[in-house]
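Each chain is listed here by its residues.
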Amino acid sequence: MDTLETVIRYLFLAAAACFVLGLHLMNSPRTARRGNTLSAAAMAVAIGATVVLLADESAITATGWLVLISGGLVGSAAGLYYARSVAMTAMPQLVSVFNAVGGGAAALIVLGEVLQAHDPGLLGARSTVPGALDVVIGAVTFSGSLIAAGKLQGIVPGRPIVFPGARAVNAALPVLCAVCSVWLVLDPGSTAALLLLTAAALAFGVTMVLPIGGADMPVVISLLNAFTGTAVAMAGFVLNEPTLIIAGALVGASGGILTKLMADAMNRSIAAIIVGGFGTGDGGPADDGGGASQVRALSADDVAIQLAYAGRVVVVPGYGLAAAQAQHELGELADVLEAHGVEVSYAIHPVAGRMPGHMNVLLAEVNVPYTQLKEMEDANPEFPQADVALVIGANDVTNPAARRPGNAISGMPILDVDRARSIVVIKRSMGHGYAGMDNPLYTDPKTGMFFADAKKGLAELKAAVRTFIA
Amino acid sequence: MNLDLLTAITVFVLAVLVGFEVISKVPATLHTPLMSGANSIHGIVAIGAMIIAAEAHNAIGYILAFVAVAFGAMNVVGGYVVTDRMLHMFRSRPGGAAGPAAGQPAGRKTEA
């Protein structure tokens, strides 16, 4: 290693350290932005150093430079445009697409490395084992994330899609991937093995995500995020680049933690979600469950009076609010109430949005200060002091049946909405939630039901509260 | 650079453990920016893509390198920009520059 390369190696090390520090600064909303800037600066240094290294070794042809520069420009422009124009409700799609391109790039690196090797037959297991893993994980992530993004965007139907023999295909494709991997390791020069492996992995990504329902998306996105990180780390093994290994491992850890948190919050195992093939679509349940006769239906005016007389209101936003894109209406209602002297805070369940933490971003977008956004552990002790708990488009995460053993959601962590002094639920119908269970909260004498779409209902409520306090 | 397998695995395992330690302290409020931030960090594949571009010597190699570099650059630029955009929205008190709260009286009560 000459001096220049040594310097660049140390710069890479510094960049990796800055990624860790940047993630560390994410532990508070106050410092998070600085952390992101630090991480971005480190990335810029690492990429700049690579350019210097390549130029110094003059290893790269003129065509190579052209490819590098044009690819960089095209990718940067696309990323910049997408990141600037995306709506906050569409954030899960964007993260999915970025997972896809990350996994895709990792797979392409190994494809390039093997196809362009002067004598691929000489590649040892040291390269081919992580290489095969990289191609499998990267390609599965690529196609799987695109399907997930399509489901979230509504291009692919959000309901679980199960075709005849889907389970058999889902079982056969991983076996095919394993067989091709072994083939590639035994015969590194075989282009057929490499291409078949890529094709099988791409197909598996599609058949793996298609049967998963819209409500399970938070888990799927987190899992694919972990996959992308792992694929990048595997590319680092093949290329002998510790920086790629470190960055990939960090992302893999992050995705892994989020996957676990999401699965716990939904009271389901990761395996059950992947092989499951059931769950709700974006439209939500349409069937009218029993017990509609025992509930107390409220009008917008009834709810407005209840809210205006309250000292403290805890809002419980759920998946339905995100699906109806009603966060602006909610923000406006909260502003009217706060101007009237009502204390408003938000109790947010981990799976409230369509990806981890999504609801917080939606509420931050409508200028709700993060000090009012309460995580489940902090929100639950506050419910007994709340005059009104306003539940919008949330069902299972408020179901007190979770505290009793012997049903589908037993043991699932819930928000203790039933402990509030009174409860108002905004909901389209008495339909069941994801778990397909009756929610005793709705028949509680303290509870009033306001049957409306979240967006329309909140707009009506705001108008009613305004007229009432004027 | 030569990196023997044991060293590579050591680096990988320790980085995963550091990742678990650091990321488990990120509050649920910031999980979405954390994910998009993670997206930009795995944009480091751009470096790998550049190395591939250097090794390419025929049309297939150049095409693979072009797509890989474009994907990596999209991850890096898009990831950091969107994360910054989101984090910019998180504020500790209401009444920012824009938005529905702007027209409200400033001195109203909020939770500390």
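Values in this document were obtained by computation on a predicted structure and should not be read as measured data.

**Focus: the nonpolar core**
Stage number 1. By size, the foremost hydrophobic cluster in this structure holds 188 residues, and its most contacted members are Y346(A) and F383(A).
Stage number 2. Of the domains in this structure, domain 1 (3-276) and domain 2 (292-469) of chain A are the two that each give at least three residues to this core.
Stage number 3. Those residues in contact with Y346(A) that lie beyond four places of it in its chain are V315(A), L330(A), A334(A), L363(A), V368(A), Q372(A), L373(A) and K374(A).
Stage number 4. Among the nonpolar cores identified, the runner-up in size contains five residues, and M234(A), F237(A), I245(A) and A8(B) belong to it.

**Focus: the UniProt feature "domain: NAD(P) transhydrogenase alpha subunit C-terminal" (unreviewed entry) in chain B**
Stage number 1. As recorded in UniProt, the feature "domain: NAD(P) transhydrogenase alpha subunit C-terminal" (unreviewed entry) lies at residues 9-91 of chain B.
Stage number 2. From the first C-alpha to the last, residues 9-91 of chain B spans 41 Å; its make-up is 82% helix and 0% strand.

**Regarding the interface of chain B and chain A**
Stage number 1. Counting residues at the interface gives 91 residues for chain B and 110 residues for chain A.
Stage number 2. Interface of chain B and chain A: buried area, both sides summed, is about 9200 Å²; carbon and sulfur atoms make up 74% of it.
Stage number 3. In this structure, D84(B) and R33(A) form a salt bridge, with 3.0 Å as the shortest nitrogen-oxygen distance.
Stage number 4. Inspection of the chain B/chain A interface yields 17 residue pairs in polar contact (both at pLDDT 80 or more).
Stage number 5. Elements with a minimum of two residues in the side of chain B that touches chain A: α1 (5-23), α2 (31-41), α3 (45-55) and α4 (59-89) of chain B.
Stage number 6. The element best represented in the side of chain B that touches chain A is α4(B), accounting for 29 residues.
Stage number 7. Here the residues of the side of chain B that touches chain A are counted per class, giving 58 nonpolar, 24 polar and nine charged.

**Details of the confidence of the model for chain A**
Stage number 1. Summarising the model, chain A shows a mean pLDDT of 88, and 95% of its residues fall at 70 or more.
Stage number 2. Note that residues 278-291 of chain A has pLDDT below 50 and, in this model, 33 contacts with residues that lie over four places away or in other chains.

**Considering the packing of α3(B) against α4(B)**
For any two helices packed against each other, one specifies the inter-axial angle together with the distance between the axes.
All names here are of chain B.
Stage number 1. For the pair α3 and α4, interaxial distance at closest approach is 8 Å and the crossing angle is 160 degrees. In this view, α3 runs roughly antiparallel relative to α4, as classed from their interaxial angle. The two elements α3 and α4 cross, and the hand of that crossing is left-handed. Residue-level contacts link V45, A46, A49, M50, I52 and A53 of α3 to Y62, A65, A68, V69, G72 and A73 of α4.
Stage number 2. Along the lines of polarity and charge, the residues of the contact of α3 with α4 split into 11 nonpolar, one polar and no charged.

Cut-offs applied
- Residues numbered from 1 in each chain as written.
- Chains lettered and ligands numbered in written order.
- Predicted model: local features only at pLDDT ≥ 70, side-chain atom pairs only at ≥ 80, totals over all residues.
- Heavy atoms only, no water.
- Core = buried A, V, L, I, M, F, W, Y, C linked by side-chain atoms within 4.5 Å.
- Buried < 20%, exposed > 50% of the residue type's maximum accessible area, 1.4 Å probe, protein only.
- Domains from an automatic or database assignment.
- Contact = heavy atoms within 4.5 Å.
- UniProt positions renumbered as here; feature names shortened; annotations may be inferred.
- Helix = DSSP H or I, 4+ residues; strand = E, 2+ residues; numbered from the N terminus.
- Buried area = accessible area lost by both parts, 1.4 Å probe.
- Salt bridge = Lys/Arg side-chain N within 4 Å of Asp/Glu carboxyl O.
- Polar contact = N/O pair within 3.5 Å; in protein donor to acceptor, adjacent residues only side chain to side chain.
- Nonpolar A, V, L, I, M, F, W, Y, C, P; charged D, E, K, R; others polar.
- pLDDT = per-residue confidence, 0-100.
- Axes fitted to C-alpha atoms, helices over the stretch in contact; angles between N-to-C directions.
- Parallel < 35°, antiparallel > 145°, perpendicular 65-115°, else oblique.
- Left-handed = near helix turned anticlockwise from the far one by under 90°.

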